[in-house]
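Observations on chain architecture
If you want the building blocks of each chain, they are given just below.
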Amino acid sequence: MVIPKGMSTRKIRTTCSYCGCGCQINLEVSDTKLIRVIPHKGFGLNSLNKGSICIKGTLGHHFIRHKDRLRKPLIKKGKGFQEVNWDEALDLVADSLSRIRAAYGADSIAGLGSAKCTNEENYVMQKFMRAVIGTNNIDHCARHCHASSIAALAAAFGSAAMTNSISDIEKADVILLIGSNTTENHPVIGIKIRNAVARKGKKLIVVDPREIDLAKYADMWLRPVPGTDVAWLNGMMHVIIAEDLWNKGYVETRTENFLALKETVKKYNPELVEKITGILPQDLIKAAHLYARAERASIIYAMGMTQYVKGTDNVKAVANLAMLCGNVGIEGGGVNPLRGQNNVQGACDMGSLPDLLPGYQSLSDAATIHKFEETWGVPLPTAPGLTATEILTASKEGRIKALYIMGENPLISFPDSSYMREALKRLEFLVVQDIFLTETGKLAAIVLPSASFAEKDGTFTNTERRIQRVRQAFVPYEDAKLDWEIITLVSERMGYKMGYQSPEDIMQEIASLTPIYGGIYYARLEKQGIQWPCPDENHPGTPFLHKDGFDRGLGLFHPVEFAPPTELPDEDYPFILSTGRVRYHYNTGTLSRRCSNLNRRYPEPFVEINPIDATVLGIDNGTFVRVSSRRGSVIAKVRITERIPAGVLFIPFHFREAAANLLTLIALDPIAKIPEYKFCAVNVKPLKGIGSKKD
Ligand SMILES: Nc1nc2c(c(=O)[nH]1)N[C@H]1C(S)=C(S)[C@@H](COP(=O)(O)OP(=O)(O)OC[C@H]3O[C@@H](n4cnc5c(=O)[nH]c(N)nc54)[C@H](O)[C@@H]3O)O[C@H]1N2
Ligand SMILES: Nc1nc2c(c(=O)[nH]1)N[C@H]1C(S)=C(S)[C@@H](COP(=O)(O)OP(=O)(O)OC[C@H]3O[C@@H](n4cnc5c(=O)[nH]c(N)nc54)[C@H](O)[C@@H]3O)O[C@H]1N2
Ligand code: SF4
Ligand SMILES: [Mo]
C-alpha cells in the first residue's frame, strides 16, 4: 500500500483482537487511519506466529475506524435514541442501578464481562459487580464456550486451562483433534498442526462429524454421529485397558479412582460403540492403538466437545483417556482446550465468573474473602451468582431487574433468540457498553460508547495462558471512553472510588491478589508474554502444567456414561442442526461483517446440506430454504456438500438475518450451564420462487 506523502505513520506492536491464538501484530497507523496490519516477526524463542497471521488478523481490523463506531452515549427516547453527554449518561446509569438495588436488592442486578476486553477491564468489571453492587451475578461468554472444560478439568486435575503450549504441538507424536475446526477458527494453530503432520511426520486423528480441512491431512478421520463422543472415548479406553496398553506406573502413582473407570468402560466394546456412534470397530481399535502407543500424545479439542448438555462429561472422558495413557504433565502431551476469543482465558482468570474470584480463588474460602475485603475495603457477597444463561432466564421471570453488558451481544449469541428478546425487554434497566450499536444495544435504555482494543493499553491472555500486551495506537474514537474508565466513573457516582490512574495500576492490584499472576508486571511483558502460573517476579512462567503432580494432588478419574442429546430428530423435525463458524466471520459479526475484505469473500448466510438429503428434498445449490425448529425459523441459501453427513445441517451463527440462534434451544449442561448449541431438531422446506438454481 502507498502511504500518502507527508502523512506521519507509526507502527504499534499489539495483540490480535480476534481469536485465542494471541498472534502478535503491528498496526501501521497515521493519526486517524489504520493503514495496514502486519505480523510481528522479531519475537522470542517460544514465538507463536513467527511472522504469519490469518486473514482476519490481516484484513479484519478495519472496524477500528469504521464510520458506524459509536461516538456518543445514547439514551432511549421513544423508539429511537438521543445523543447525550457523558455526565448525563453516567448519572443515569449510577442512579438507575442505585434505585434498583435499593428497591429489589443487589442480587436483582447482573453484569456480563467481555472476552473482547482486556484483563484489567474484566478485573474492574467483576470488582464493580462484587464490591460496588454487592452481587456475584457476573459472567461472560466463556459460559457458552469452555464452561464445561473449566468444570471438568478443575474436577479431574485441580485447575482448568490448556495444559500445554502451542509450541508443544510439534513435540507430540500423535495429535487427537476433537470437535475443533482449527484451520478456520484458530488458523495459526491449524497451520502448526498441518505442518506437524505434513512436514514432521506426526500422526493426526481427527474426530468430527464435519469434514474439516485437517481431515484431509489426518492419518485417521473418525466421523461420529453428533453428540456421541463419550461413547467412542469410553470405547477407546475399553480397548486400551483390554489390550493392556495403559500406563500402569502413571495410573498407580499419579491418579485415583481407576477401578471405577475400568468398570464403567467395560461395556463400551467396539460393537456397542459402532451402534451409538457409527464408528467402525476396526477404526476405533486402530485409533486406540495409535493414541496409546505414542510416547507423547496431545489431545486438542474445542466446541464440538463442550457445547453439549453432556459437555462436562465429554471433557471428563477426554481427561480420563489422557491420564490413562500418562499424557498429562509431559511436554508434547496434555489436554488442550482451544480457547475461543482473544481474551476469554483472561476474562476467566480475572474472575468474570459467578462462582470464582480472580485466579480461580474460591468464594467459600474465608481467608481468600478476607484478603479481597481488606484490599477492596468492603464486605463481599459469598453466595455464588447466576451464570450467563440463567441471568437471562431470571430476567424473563422478573427476578433480574437490571443488566450491565460490557462487550457482548446476547440477542444473537445466546440460544433461543426469541426467548432472549423477551428476557431483555422485560428488564427495567439495560445498559450496553460496546463499540458498535448491536442488536442487543438497540434494546437498551442506554448505550455507552467504548474504545476498541487499538485505543487501549492493557493485556490479553491467550489460549496457552500467555499474558501479552495490548498497546494504544489511536486516541479513543470521537467521544468513546476506555471500558475500565467508564466503570470506575459509574462506581465513583455510586460512592466507591476505585482510584486507578492507568491499566498498569490495575495490573499491580491483580498481581497482589492473584497468585497465578503474582509476577506479572508490564515491564516484564515488553518483548514477549509470560505464561501463568507466574507466582513471583523472578518466575519465568509455566509452559506446561501438572509436571510433578496435579494441582489437586492425584488426578481423579471420573467415569461417565453416554447419554443422547436433548432434542432428537423425529417425524416433524427430521434433521439435526449443528451450528458453528466460518473462516471469514467472527461470532455475531459485529466486527468481521464491517470489514469489506472479509465480507466480499463471504457475503451471506448459507445452510450446508448433504447431497443425499438435497436429492430427497428436491433442492439445488443456491435454492432458498426455510429451516424451522420448535422455536423459530430462518431463511437461507442452500450449499450442497459432502462435508456434512446425511441427516445433519450446518448453519454458521454469524448472520443476524438468518440467526442460527432463532432455532437453538435452551438446554443446559447441569454442571457447567453451557447450552447445547451443536444439536437440535429442525426441518427444511424449499421456498418456491426465491433464489436462482445456479450459484
Ligand atoms: N473464523 C472464526 N474464528 C473464530 C471464531 C469465529 O466466530 N470465527 N470464534 C472464536 C470462538 S469464540 C471460539 S469458541 C472458537 C471455536 O472454534 P471451534 O470449536 O473450532 O468452532 P465451531 O465451528 O463452533 O465447532 C468446531 C467443530 O465441532 C464439530 N462438532 C460438532 N458437533 C460435534 C460432535 O458431537 N463431536 C465432535 N467430535 N465434533 C463436533 C463441528 O463439526 C466443527 O467442525 O473459535 C474462535 N475463532
Ligand atoms: N448457535 C451458536 N451460538 C453460539 C456459539 C455457537 O457455536 N453456536 N458459540 C458461543 C460462543 S463459543 C461464544 S464465545 C459466544 C460469543 O458471543 P458474544 O460475546 O455475544 O459475541 P461477539 O460477537 O464476540 O460479541 C462481542 C461484542 O463485543 C464488542 N466489542 C468488541 N471490542 C470491544 C471493546 O473493546 N469494548 C467493548 N465494550 N465492546 C467490544 C463487539 O462489538 C461485540 O458486540 O457465542 C456463543 N453462541
Ligand atoms: S490466528 Fe487468531 S490471533 Fe492469529 S491473526 Fe488470526 S484471528 Fe488473529
Ligand atoms: Mo467462544
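Notes on the structure follow. (Residues numbered from 1 in each chain as written. Chains lettered and ligands numbered in written order. Predicted model: local features only at pLDDT ≥ 70, side-chain atom pairs only at ≥ 80, totals over all residues. Heavy atoms only, no water.)

1. Quick word on the site of ligand 3
Ligand 3 sits among C16, Y18, C19, C21, G22, C23, I53, C54, G57, P187 and V188. Assessed atom by atom at 2 Å from the grid points, ligand 3 resides in the second largest cavity. In terms of residue class, the shell around ligand 3 is made up of nine nonpolar, two polar and no charged. (Near = heavy atom within 4 Å. 1 Å grid on protein atoms, 1.4 Å probe; cavity = no way out; pocket = protein on both sides within 12 Å on 5 of 7 lines; lining within 4 Å. Sits in = over half its atoms within 2 Å of the grid points. Nonpolar A, V, L, I, M, F, W, Y, C, P; charged D, E, K, R; others polar.)

2. Concerning empty space enclosed by the protein
Counted by the stated rule, this structure contains five cavities of 30 Å³ or more. Estimates place the volume of the second largest cavity at around 90 Å³. Every residue along the wall of the second largest cavity is listed here: C16, Y18, C19, C21, G22, C23, I53, C54, K56, G57, P187 and V188. Those elements giving two or more residues to the lining of the second largest cavity turn out to be α1 (55-59) and α6 (187-198). For the lining of the second largest cavity, the per-class residue count stands at nine nonpolar, two polar and one charged. (Points joined across faces, edges and corners; volume = space filled by probe spheres on them. Helix = DSSP H or I, 4+ residues; strand = E, 2+ residues; numbered from the N terminus.)

3. Comments concerning the environment of Q361
By secondary structure assignment, the location of Q361 is in strand β15 (residues 361-362). When its relative accessible area of 10% is taken as the criterion, Q361 is described as buried. In the structure, Q361 is positioned 12 residues away from D349 in sequence and 9.5 Å away in space, judged by C-alpha atoms. When near neighbours in sequence (up to four residues on either side) are disregarded, Q361 contacts L356, T368, K371, F372, L513, T514 and P515. Within the structure, Q361 has its side chain in polar contact with the side chain of K371 (distance 2.7 Å). (Buried < 20%, exposed > 50% of the residue type's maximum accessible area, 1.4 Å probe, protein only. Contact = heavy atoms within 4.5 Å. Polar contact = N/O pair within 3.5 Å; in protein donor to acceptor, adjacent residues only side chain to side chain.)

4. What to know about the state of the cysteines
This structure, assessed with the given rule, holds zero disulfides. The thiol of C534 is not disulfide-bonded; the next cysteine sulfur, from C348, is found 19 Å away. Judged by its relative accessible area of 0%, C534 is buried. (Disulfide = S-S within 2.5 Å.)

5. Considering the nonpolar core
Ranked by size, the top nonpolar core spans 126 residues in total, and within it L97, F128, L176, I178, W232, L324 and Y404 carry the most contacts. If you tally residues by element for this core, the top one is helix α7 (residues 229-242), at nine residues. Shared between two domains, this core holds at least three residues of each, these being domain 2 (74-144 + 343-531) and domain 3 (147-337). In contact with L324, other than residues within four places in its own chain, are M237, I240, I241, W246, N247, V251, F258, L261 and F557. In terms of nonpolar packing, the next biggest core, distinct from the first, is built from 45 residues, I169, V188, V197 and F453 among them. (Core = buried A, V, L, I, M, F, W, Y, C linked by side-chain atoms within 4.5 Å. Domains from an automatic or database assignment.)

6. Comments concerning the packing of helix α3 (residues 119-133) against helix α20 (residues 503-513)
It is the contact of α3 with α20, at a shortest axis distance of 9 Å, that shows an interaxial angle of 70°. It follows from the interaxial angle that α3 and α20 lie roughly perpendicular. Handedness of the crossing formed by α3 with α20: left-handed. On α20, the residues that touch N119, E120, Y123, V124 and K127 of α3 are P503, I506, M507, E509, I510 and L513. Grouping the amino acids of the contact of α3 with α20 by side-chain chemistry returns seven nonpolar, one polar and three charged. (Axes fitted to C-alpha atoms, helices over the stretch in contact; angles between N-to-C directions. Parallel < 35°, antiparallel > 145°, perpendicular 65-115°, else oblique. Left-handed = near helix turned anticlockwise from the far one by under 90°.)

7. Focus: the sheet that holds strand β10 (residues 220-222)
Read from one edge of the open sheet, five strands run β10-β9-β8-β12-β13, paired in parallel fashion. Strand pairing shows two members of the sheet lacking a second neighbour, β10 and β13 (335-337), which therefore form its edges. Going from strand to strand, the sheet's axes swing by 15° on average, the running direction of each strand aside. The strands touched by helix α4 (residues 147-157) within the sheet are β12 (297-301) and β13, with β13 carrying the most contacts at an inclination of about 160°. On the sheet, α6 packs against β8 (174-178), β9 (203-207) and β12 and is oriented at approximately 140° with respect to β8. (Pairing = 2+ DSSP bridges.)

8. Some points on the side chain of R13
Structurally, the position occupied by R13 is in strand β1 (residues 10-15). Buried R13, no salt bridge; nearest opposite-charge side chain is E526, N-O distance 7.1 Å. Side chain to side chain, R13 and H40 meet in a polar contact 3.3 Å long. There is a polar contact of 2.8 Å between the side chain of R13 and the backbone oxygen of K527. (Lys, Arg positive; Asp, Glu negative; His and termini not counted. Salt bridge = Lys/Arg side-chain N within 4 Å of Asp/Glu carboxyl O.)

9. Examining helix α16 (residues 388-396)
Among the nine residues in α16, seven count as buried, and that is most of the element. Taken residue by residue, α16 has A388, T389, I391, L392, T393, A394 and S395 as its buried positions. As for α16, its buried residues are in contact with β6 (109-112), β7 (138-139), β16 (402-406) and α18 (417-426). Positive phi shows up at G398, right after α16, with a value of about 85°.

10. Overview of the site of ligand 1
As a structural note, the neighbourhood of ligand 1 is formed by 34 residues, with N185, D208, G227, R581 and H585 the closest of them. A distance of 2.8 Å is found between an oxygen atom of ligand 1 and a backbone nitrogen or oxygen belonging to M303. Taking V582, its main chain carries an N or O atom lying 2.9 Å from a nitrogen atom of ligand 1. In isolation ligand 1 exposes 920 Å². Once the protein is present, 99% of that is buried. Breaking the shell around ligand 1 down by element, the ones donating at least two residues are α5 (182-185), α12 (303-306) and β23 (575-580). For the shell around ligand 1, the per-class residue count stands at 12 nonpolar, 14 polar and eight charged. In terms of domain composition, the shell around ligand 1 takes at least three residues from each of domain 3 (147-337) and domain 4 (575-686). (Areas by Shrake-Rupley, 256 points an atom, 1.4 Å probe, with all protein chains shown as cover.)

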